[in-house]
Amino acid sequence: DLPSGLDAFALRTDGHLGSAVEIARDRTMLWFYRAFLAQSEIDFAIWSMRGSSVAHLKYRLGLLTSRFRANHPLKACIACMQDDLSMHGWVYWHQVHQFPGVWICPIHALPLRTSRLKSTGVERFLWHLPAESQLEAPWQDSDATQTLALQRLAMLTIALVGHNREDGYLHADSVQRTLRARFQERGWLTSGGYARLTDAATGYLQHCALLRLPHELACLPTTQHEASVQIGRLIRPLRSGVHPIRLLVAIDWLFTDLDDFLEQHKEAARSCVHATSEEGTSVIEKAADERALR
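This write-up is about the structure you can find in this document.

How each quantity is defined
- Residues numbered from 1 in each chain as written.
- Predicted model: local features only at pLDDT ≥ 70, side-chain atom pairs only at ≥ 80, totals over all residues.
- Heavy atoms only, no water.
- Salt bridge = Lys/Arg side-chain N within 4 Å of Asp/Glu carboxyl O.
- Helix = DSSP H or I, 4+ residues; strand = E, 2+ residues; numbered from the N terminus.
- Buried < 20%, exposed > 50% of the residue type's maximum accessible area, 1.4 Å probe, protein only.
- Phe/Tyr/Trp six-rings, centres within 6.5 Å; stacked < 30°, edge-to-face > 60°.
- Lys NZ or Arg CZ within 6 Å of the ring centre and 35° of its normal.
- Axes fitted to C-alpha atoms, helices over the stretch in contact; angles between N-to-C directions.
- Parallel < 35°, antiparallel > 145°, perpendicular 65-115°, else oblique.
- Left-handed = near helix turned anticlockwise from the far one by under 90°.
- Contact = heavy atoms within 4.5 Å.
- Nonpolar A, V, L, I, M, F, W, Y, C, P; charged D, E, K, R; others polar.
- Pairing = 2+ DSSP bridges.
- Core = buried A, V, L, I, M, F, W, Y, C linked by side-chain atoms within 4.5 Å.
- Disulfide = S-S within 2.5 Å.
- Expected span 1.5 Å × (residues − 1).
- Patch = residues over 30% accessible without salt bridge, like charges linked within 9 Å, V, L, I, M, F, W, Y side chains within 5 Å.
- Areas by Shrake-Rupley, 256 points an atom, 1.4 Å probe, with all protein chains shown as cover.

1. Considering the pattern of salt bridges
Applying the stated rule across the entire model yields nine salt bridges. One salt bridge connects R34 with D167, and the closest N-O pair in it is separated by 2.8 Å. Of the two residues, R34 sits in the loop between α3 (30–33) and α4 (39–50) while D167 sits in the loop between α8 (144–161) and α9 (172–185), which places them 133 residues apart along the sequence. Put simply, R152 and D252 hold a salt bridge, and the shortest N to O gap is 2.4 Å. A residue pair is termed long-range when its members are at least 10 positions apart, and R152 in helix α8 and D252 in helix α12 (residues 244–254) qualify at 100 residues. You can call D252 buried: its relative accessible area is 2%. Overlapping salt bridges bring together R25, D26, R34 and D167 as one network.

Now the structure itself:
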């Protein structure tokens, strides 16, 4: 997921898969996380993966301290495997299937199966391609409503981070401004800027109840109190990092589709630029923010 030794790997593969930096950015799980990270954190991740150890990387990214899982189980779609074998003669791991929050294949709408080999540590340092005998279902039973909810989250996640969008454009601070703007529209913020958590928690709890099938999403709220606490952490001033899944679930809950979120996100960024410029932000800082909007 976030491997070390990429300088040596790029050298030994003669650059056929790109430079160490390109591999780190585009062929590891950093592809997913860099949309949510500041540039300094992305640079540190690349530096770590180019070297001999990534011992502190997941901690630095806030994955080990979140309630979501810090590992990334290899996932595959049975129908995709059949298509790959028919078209190419072999099967392979699809990158978008590996993203956190993606548990339904975007093409076939089937639940993704997880590899037992890597999750149990068996042959964890060897190379493997997907094999049906080594895959297992991530949950036992589900209904159509749950599958559709997980499919919607998967499609939103892929649309937001699966394309080569600008690094850091989903940083927690900017997403929080967007969420607060939607709260304001729904009347869930007081005139003093405080959240009416009781009003919001019911809908959030109902939304999350359909997503808790995969173990990765099991820490989403199960009670009204838990829903209020988790929303409060998203809306109040951030004291620490927020796991991307938390942001993605909130976006999925509050916005009708991708375009709805992106438009609100752009407008919230414009408002922030305007407010900071009125408070004396330098022309250089303002110009940099405006370039980020384009």
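2. Description of the side chain of Q264
Of note, Q264 is situated in helix α13 (residues 258–278). Accessibility expressed as a relative area gives 10% for Q264, which makes it buried.

3. Quick notes on the side chain of H94
Relative to the helices and strands, H94 resides in the loop between α6 (78–88) and β2 (113–115). Given the relative accessible area of 16%, H94 is considered buried.

4. Looking at the packing of aromatic side chains
The description of two aromatic rings rests on the distance between their centres and on the angle between their planes. If you walk through the whole model with that rule in mind, you get eleven aromatic pairs. Relative to F99, the ring of F32 has its centre 5.6 Å away and its plane inclined at 40°; by these criteria the two rings are tilted. Of this pair, F32 sits in helix α3 while F99 sits in the loop between α6 and β2, and the two are 67 residues apart along the sequence. As far as burial versus exposure is concerned, F32 and F99 are alike and both buried. Against the face of W31 rests R34, its NZ or CZ located 5.2 Å from the ring centre. The ring of F44 has R60 lying over it, and the distance from NZ or CZ to the ring centre is 4.0 Å.

5. With respect to the packing of α9 against α12
The geometry of a pair of packed helices is captured by two quantities: the angle between their axes and the separation between those axes. Two elements in contact, α9 and α12, have axes separated by 11 Å at closest approach and are oriented at 25°. It follows that α9 is roughly parallel to α12 by the angle criterion. The handedness of the crossing between α9 and α12 is left-handed. Facing α9, whose interface residues are A172, V175, L179, R182 and F183, α12 presents L247, A250, I251, W253 and L254. For the contact of α9 with α12, a count of residues per class yields nine nonpolar, no polar and one charged.

6. Quick notes on the sheet that holds β2
The antiparallel open sheet is built from three strands, whose spatial order is β1-β2-β3. Across the chains shown, the open sheet's two edge strands, defined by having one partner strand only, are β1 (75–76) and β3 (135–136). Of the pairings in the sheet, the one linking β1 to β2 comprises two bridges and is antiparallel in character. Note on β2: the bridge partner recorded for K75 is T114.

7. Overview of the nonpolar core
Judged by nonpolar contacts, the single largest core of 73 residues is most densely connected at L160, L170, F183 and I231. In this structure, A76, M81, W93 and L135 belong to the second largest nonpolar core, which totals six residues.

8. With respect to the state of the cysteines
Applying the stated criterion across every chain yields a total of zero disulfides. Residue C80 stays outside any disulfide, its sulfur separated by 3.6 Å from that of C105, the closest cysteine. You can see C208 has no disulfide; the closest cysteine sulfur is in C219, sitting 9.5 Å from it. You can call C208 buried: its relative accessible area is 0%.

9. Remarks on α12
The buried count for α12 comes to eleven of eleven residues, which makes it a mostly enclosed element. Residues of α12 that are buried: P244, I245, R246, L247, L248, V249, A250, I251, D252, W253 and L254.

10. Overview of helix α10 (residues 197–209)
The terminal C-alpha atoms of α10 lie 18 Å apart, and with 13 residues this matches the ideal 18 Å at 1.5 Å per residue to within 8%. Regarding α10, the residues found buried are L197, A200, A201, Y204, L205, H207 and C208. Close packing links the buried residues of α10 with α9, α11 (224–235) and α12.

11. Here's the deal with a nonpolar patch on the surface
A cluster of nonpolar residues, W90, Y92 and L129, forms a patch on the protein surface that exposes about 320 Å² of accessible area. Tracing the chain through its elements places Y92 in the loop between α6 and β2.

12. A short note on unusual backbone geometry
In this structure, D14 is a non-glycine residue whose phi angle is positive, near 60°. Inspection of the secondary structure assignment puts D14 in the loop between α1 (6–12) and α2 (20–26). Assessed through its relative accessible area of 63%, D14 is described here as exposed. Although it is not a glycine, A109 sits at a positive phi angle of roughly 60°. Relative to the assigned elements, A109 resides in the loop between α6 and β2.

Honestly, that's just the spatial picture; any functional story needs more than this.
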